[in-house]
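# Descriptive analysis of the structure
Now for the letters of each chain:
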Amino acid sequence: MSAAPEPAADHPSATAPAGPPVARRRRELTYAVLLCLAGAGLAFWAATRTWSVELTARGSLPPSRHARSGADLLPWVSALALVALAGGGAVLATRGRVRRLLGGLLTLLGLAVAAGGGYGLTADFGGGVSRQWPALCLLGGLVAAAGGLVTALRGADWPAMGARYERPGRAAEQPAADGPAVGRGTRDAWDALDRGEDPTVS
């Protein structure tokens, strides 16, 4: 029995297996960016909440209430969360090795933010201390670090922003190359008419 012929290169079955991996890489890119943005955004929001309330006695007057946010107590936590938030969006605009390096940076930023949240859970800032906001800051840092880690490990194979438009752009150049030939044929026909010749007669 003769072997079954192999599908031609332009046959749909020849390119069908390439579809699922591309879709999977796009999903991984989407999930990683969402993890970075959601984690960094949550950490920054939690850092701006009230972590500590200090009461100061004023004699016979009611004590004064001084609220301090996580950004007041640990300014670097909110700053790093903002940098991680910007880096999460930059993942879309990078590719290859640069994207992997960015993923490693986002991992470190997320871990640093999580460390700040962990410190806020155990530190004694004086007065009444709220533990829920440092806990959310810790959670947000870990989520952002997870997105950065996925980007560092697998980001080199993900598509870049606007990559889907590159092939149609190259293909559109082909008709433009035929434009001058059509123009020359039209001018030759008009020149033949000026000479009194019939351009349709070969």
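Refer to the structure above for everything that follows.
Residues numbered from 1 in each chain as written. Predicted model: local features only at pLDDT ≥ 70, side-chain atom pairs only at ≥ 80, totals over all residues. Heavy atoms only, no water.

### A look at the packing of helix H4 (residues 75–90) against helix H5 (residues 96–122)
Convention followed: To get an axis, fit a line to the C-alpha atoms, keeping to the stretch in contact for a helix; angles then go from 0 to 180 degrees between the N-to-C directions. Put simply, DSSP marks the helices as runs of H or I at least four residues long and the strands as runs of E at least two long, and each gets a number from the N terminus on. Working definition: roughly parallel below 35 degrees, roughly antiparallel above 145 degrees, roughly perpendicular at 65 to 115 degrees, and oblique for all remaining angles. In a left-handed crossing the near helix is turned counterclockwise from the far helix by less than a right angle, and in a right-handed crossing that turn is clockwise. Pairs of residues are marked as contacts when any of their non-hydrogen atoms sit within 4.5 Å.
Axis separation between H4 and H5 bottoms out at 9 Å; the angle between their running directions is 150°. Considering their axes alone, H4 and H5 lie roughly antiparallel with respect to each other. Relative to H5, H4 is oriented so that their crossing is left-handed. Counted together, Trp-76, Val-77, Leu-80, Ala-81, Val-83, Ala-84, Gly-87, Gly-88 and Ala-90 of H4 and Leu-102, Leu-106, Leu-109, Ala-112, Val-113 and Gly-116 of H5 form the full contact between these two elements.

### With respect to the pattern of salt bridges
For clarity, the threshold we go by: Between Lys or Arg on one side and Asp or Glu on the other, a salt bridge is scored when a side-chain nitrogen of the former is within 4 Å of a carboxyl oxygen of the latter.
Throughout the structure, instances matching the rule amount to two salt bridges. The salt bridge involving Arg-24 is made with Glu-28; its shortest N-O contact spans 3.1 Å. Here the residue Arg-24 and the residue Glu-28 both occupy positions in helix H2 (residues 19–47), the gap between them amounting to four residues, near one helical turn. As a salt-bridge pair, Arg-154 and Glu-28 come within 3.1 Å of each other at their nearest N and O atoms. Residue Arg-154 is found in helix H6 (residues 132–154), and its partner Glu-28 is found in helix H2; the two are separated by 126 residues along the sequence. A single network of salt bridges, built from pairs that share partners, joins Arg-24, Glu-28 and Arg-154.

### A closer look at the packing of aromatic side chains
Aromatic ring pairs: the centre-centre distance and the angle between the two ring planes describe each pair. The cut-off we apply is this: Between 30 and 60 degrees the pair is tilted, below 30 it is stacked and above 60 it is edge-to-face, where a pair is any two Phe, Tyr or Trp rings, Trp via its six-membered ring, whose centres lie within 6.5 Å. Think of it in three bands: residues with accessible area under 20% of the maximum for their type are buried, residues over 50% are exposed, and the middle band is partly exposed, with areas taken using a 1.4 Å probe on protein chains only.
Using the criterion set out here, one finds one aromatic pair in the structure. Geometrically, the ring pair formed by Trp-45 and Trp-133 is edge-to-face, given 5.1 Å between the ring centres and 85° between the ring planes. Separated by 88 residues along the polypeptide, Trp-45 in helix H2 and Trp-133 in helix H6 bring together distant segments of the chain. A relative accessible area of 17% places Trp-133 in the buried class.

### Topic: the packing of H5 against H6
Inclusion rule: Basically, the charged four are Asp, Glu, Lys and Arg, the nonpolar ten are Ala, Val, Leu, Ile, Met, Phe, Trp, Tyr, Cys and Pro, and anything else, Gly included, counts as polar.
Interhelical geometry of H5 versus H6 gives an angle of 165° and a closest axis separation of 7 Å. Considering the angle they form, H5 stands roughly antiparallel to H6. Relative to H6, H5 is oriented so that their crossing is left-handed. Its residues assigned to classes, the contact of H5 with H6 shows 15 nonpolar, ten polar and two charged.

Any link to function would need more than the numbers given here.
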